[in-house]
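# Residue-level structural notes
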Number of protein chains: 2
Amino acid sequence: MNLTAAEENYLKAIYHLSDGASKSVSTNDIAAEMKTKPASVSDMLRKLGEKEVINYRKYYGVNITPEGKKLALQTIRKHRLWEVFLVEKLNFAWDEVHEVAEELEHIQSPLLIQRLDAFLNYPKFDPHGDPIPDEFGDVKARPRIPISEMEIDQSGQIVAVKDSSAAFLRYMDKVGAYIGARVKILDKVEFDGSVEILVDQKKSIFMSKDVASNILAVQS
Amino acid sequence: MNLTAAEENYLKAIYHLSDGASKSVSTNDIAAEMKTKPASVSDMLRKLGEKEVINYRKYYGVNITPEGKKLALQTIRKHRLWEVFLVEKLNFAWDEVHEVAEELEHIQSPLLIQRLDAFLNYPKFDPHGDPIPDEFGDVKARPRIPISEMEIDQSGQIVAVKDSSAAFLRYMDKVGAYIGARVKILDKVEFDGSVEILVDQKKSIFMSKDVASNILAVQS
DNA sequence: TTTTGGGTTTAGGTTAGTCTAAAAATAAGT
DNA sequence: ACTTATTTTTAGACTAACCTAAACCCAAAA
Ligand SMILES: [Mn+2]
Ligand SMILES: [Mn+2]
Ligand SMILES: [Mn+2]
Ligand SMILES: [Mn+2]
């Protein structure tokens, strides 16, 4: 099954919106995610349905098929490997890689990806802490929770960010939060859910619930 | 000036067919080079003419403009840098890189190319011996002649191949000819122009004029 | 159970890039 | 100079990916 770049982007969006499962996804949500109009989405869903990478019943949303999931994971694998390359080898900042990886992920060459993977020493996670699927599409999920859901006095380690936008990542840099940092919850404000955390046993950061919910950690 | 991938490919073809100068190029030749039909070429020439990267007078062929030449050289620069990356870093064979580089060259990111160039240590030549233009589009040409034009007993060093097709490159590998090899002309057959050469002072190779004209050397 | 409003699809149009077939322009041969 | 032959362009169609505007579906509220 050969997909165009646009089809790959849509399929990836559908995969993400279904949270990796085969949960049903709506036309409007896809349009929002893809920054296109619902009419364009309907058009694309018909095509993806014909290619049997999604199950499409008009007016009832779509579910990704096992075949579609495999293809989406291949694209995600490529995206994340390229991100690792850009950061590790070309010294890109983690907030500069997404757009370029969005283009690079569509290069068609199994050999290229196989060799890139080896060159990067088979990385398991991308610069944002997201797991890199293996060549068969297997992802080993790490248990992780938003620090907004951690309790006072609990400790953990930042392992990923939910929002990979440049704006959010630059905020992370600014306050000195990074993947791998050790954190401890110092205080939580009941009223609005904002939290105060201690980073690496020295720096205290105060952040809104919105921010805290985008920082993912493993507890320890 | 922003060009689409297709426009970049056409412009590159026109640049190559004009031998780097602003020599006039015909619709049919472009169609042959691009493996499209003349009708498609006419269409594209109109567009490229409007963007002023070529001078286009109907029925009289096209000339690349200085602006067009600069853009073509940018694409060529990217193509060749990626080829170096694939061979040097990802262990591709020199006959496996062209198709992939043909896709990678269209990735739009000045930062990416600048960083890639640095990562590769500012290479001056690609795996086929072709010079890599600098970021301003300057290429320093090396004097080089096909070994079919060398005289008996003359010596030199292989610096490039004119034909970068996988078939030709695999032939080069098979007979043990490579970029950097020292060669000496042992014999030339008047009748058909075929030649016998000595490679690295040990291996003698007999080849047709056609082959010999695709191997470029500097005399010494 | 009928109305109504939000979500979704269809209808019809646009641009890029390709094609075939036919027309037109230039170049070549007598 | 006139008639061919070759090259090139135009005309008309197709697919992919988008759009706007209009029609349509369906589920929740009246
Ligand atoms: Mn993409
Ligand atoms: Mn990422
Ligand atoms: Mn190309
Ligand atoms: Mn090359």
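Above this text you will find the structure in question.
Residues numbered from 1 in each chain as written. Chains lettered and ligands numbered in written order. Predicted model: local features only at pLDDT ≥ 70, side-chain atom pairs only at ≥ 80, totals over all residues. Heavy atoms only, no water.

### Points about the coordination of the manganese ion (ligand 1)
Residues and elements named next belong to chain A. To be explicit about the condition: Sites may look incomplete because water is not among the atoms; the donors themselves are N, O and S atoms within 2.8 Å of the metal, or within 3.2 Å for Na, K and Ca. Here the term buried applies to any residue with accessible area under 20% of the maximum for its type, exposed to any over 50%, and partly exposed to those in between, with areas from a 1.4 Å probe on protein chains only.
With distances of 2.0 to 2.4 Å, the protein atoms coordinating the manganese ion (ligand 1) are N9 (OD1), E102 (O), E102 (OE), E105 (OE) and H106 (NE2). In the primary structure, the donors to the manganese ion (ligand 1) are separated according to the pattern N-x92-E-x2-E-H. Accessibility expressed as a relative area gives 0% for E105, which makes it buried.

### Details of the interface of chain A and chain B
Where we set the bar: Note on definitions: a residue-residue contact is assigned when non-hydrogen atoms from the two residues lie within 4.5 Å. A simple way to read buried area is as the amount of 1.4 Å-probe accessible surface that goes missing from two parts once joined, with both sides added. The salt bridge definition used is simple: a Lys or Arg side-chain nitrogen within 4 Å of an Asp or Glu carboxyl oxygen. Each polar contact in these results corresponds to two N or O atoms within 3.5 Å; when the atoms are within protein, one needs to be able to donate a hydrogen and the other to accept it, and residues that are neighboring in sequence are counted only if both atoms are side-chain atoms. In this text, helices come from DSSP runs of H or I with a minimum length of four residues, and strands from runs of E with a minimum of two, each type numbered from the N-terminal end.
Contacts between the two partners involve 19 residues from chain A, matched on the other side by 19 residues from chain B. Together chain A and chain B conceal approximately 1600 Å² of surface at their shared face, both sides included; 75% is due to carbon and sulfur atoms. The interface formed by chain A and chain B contains 0 salt bridges. At the surface where chain A touches chain B, the tally comes to 6 residue pairs in polar contact (both at pLDDT 80 or more). Of all the elements in the fold, those that place two or more residues in the side of chain A that touches chain B are α4 (66–88), α5 (98–104) and α6 (110–119) of chain A. Examining the composition of the side of chain A that touches chain B, we find that 5 residues originate from one element, α6(A), more than from any other.

### Regarding the sheet that holds strand β8 (residues 215–219) of chain B
All names here are of chain B. This is how the line gets drawn: The rule for pairing is simple: two strands pair if DSSP sees at least two bridges between them.
A sheet is described by the order of its strands in space; here 6 strands give the open sequence β3-β8-β4-β5-β6-β7, paired in antiparallel fashion. In this open sheet, the two strands that pair with only one neighbour each are β3 (145–146) and β7 (203–207). Here 5 bridges tie strand β5 (residues 182–188) to strand β6 (residues 195–199), and the two strands are oriented antiparallel to one another. Among the inter-strand pairings, D187 is bridged to a residue of β6, identified as E196.

### Overview of the relation of the copies chain A and chain B
For clarity, the threshold we go by: Our superposition of the copies is a least-squares fit, built on the C-alpha atoms of residues whose pLDDT is at least 70 in both.
Expressed as a screw transformation, the operator carrying chain A onto chain B has a rotation angle of 180 degrees and an axial translation of 0.0 Å, and the superposed copies differ by an RMSD of 0.1 Å. The relationship between the two copies is best expressed as a two-fold rotation axis. The C-alpha atom lying nearest the rotation axis in chain A is that of A:L104; the distance is 3.8 Å. Both copies share a contact surface, since 100% of the interface residues of chain A are interface residues in chain B too.

### Notes on α6(A)
Cut-off, in case you're wondering: What the arc measures is the spread of directions leading from the helix axis to the C-beta atoms.
Along α6(A), the residues classified as buried are A:L112, A:I113, A:L116 and A:D117. End-on, the buried residues of α6(A) take up no more than an arc of 130 degrees, which puts them together on one face. Its buried side turned inward, α6(A) meets α4 of chain A together with α4 (66–88) and α5 (98–104) of chain B. Looking at the residues trailing α6(A), positive phi occurs at A:N121, about 70 degrees.

### Focus on the nonpolar core
We apply this condition: Put simply, buried Ala, Val, Leu, Ile, Met, Phe, Trp, Tyr and Cys residues joined by side-chain atoms within 4.5 Å make one nonpolar core.
Counting residues in hydrophobic clusters, the biggest one holds 34 residues, and the most contacted among them are A:F85, A:L86, A:L116, B:F85 and B:L86. Sorting the residues of this core by element identifies α4, α5 and α6 of chain A together with α4, α5 and α6 (110–119) of chain B as the ones contributing at least two each. What A:L116 contacts, discounting residues up to four positions off in sequence, is A:L81, A:W82, A:F85, B:F85 and B:L90.

### What about the protein's contact with DNA strand C?
Applicable threshold: A single heavy atom is enough: if one lies within 4 Å of a molecule or strand, its residue is considered near that molecule or strand.
Close contacts around DNA strand C come from 21 residues, with A:S42, A:Y56, A:K58, B:T4 and B:S40 the closest. The protein-proximal atoms of DNA strand C, defined as those within 4 Å of the protein, are 78% sugar or phosphate. A distance of 2.7 Å separates a phosphate oxygen of DNA strand C from a polar side-chain atom of A:S42. A distance of 2.3 Å separates a phosphate oxygen of DNA strand C from a polar atom in the side chain of B:T4. Secondary-structure elements contributing two or more residues to the surface near DNA strand C are α2 (27–34) and α3 (38–50) of chain A together with α1 (5–17) and α3 (38–50) of chain B.

### Considerations on the protein's contact with DNA strand D
The condition is simple: Three residue categories are used. Nonpolar comprises Ala, Val, Leu, Ile, Met, Phe, Trp, Tyr, Cys and Pro, charged comprises Asp, Glu, Lys and Arg, and polar comprises the others, including Gly.
Neighbouring DNA strand D are 21 residues; A:T4, A:S40, B:S42, B:Y56 and B:K58 lie closest to it. Protein-proximal atoms of DNA strand D, defined as those within 4 Å of the protein, fall in sugar or phosphate at a share of 77%. Take A:K37: an N or O atom from its main chain is 3.0 Å from a phosphate oxygen of DNA strand D. The separation between a phosphate oxygen of DNA strand D and a polar side-chain atom of B:Y56 is 2.5 Å. Every element with two or more residues in the surface near DNA strand D is listed here: α1 (5–17) and α3 of chain A together with α2 (27–34) and α3 of chain B. Here the surface near DNA strand D takes 5 residues from α3(A), the largest share from any one element. Of the residues assigned to the surface near DNA strand D, the class counts are 10 nonpolar, 7 polar and 4 charged.

### A few points about the environment of A:Q201
Residues and elements named next belong to chain A. One can find Q201 in the loop between β6 (195–199) and β7 (203–207). For Q201, a relative accessible area of 67% puts it in the exposed group. Expressed as a C-alpha distance, the spacing of Q201 and N214, which sit 13 residues apart in the sequence, is 21 Å.

### Notes on the pairing of β5(B)
All names here are of chain B. Across 3 bridges, strand β4 (residues 155–161) lies against β5 in antiparallel orientation. Within β5, the residue paired with G156 across the bridge is V183. What sits between β5 and β6 in their antiparallel hairpin is a turn of 6 residues, with G193 showing a positive phi close to 75 degrees.

### Considerations on the environment of A:T27
All names here are of chain A. Counting through the fold element by element, T27 comes out in helix α2. A relative accessible area of 23% places T27 in the partly exposed class. Each C-alpha atom, one on T27 and one on H16, is 14 Å from the other, the two residues being 11 residues apart in sequence. Not counting chain neighbours up to four residues away, the residues in contact with T27 comprise P38, V41, S42 and L45.

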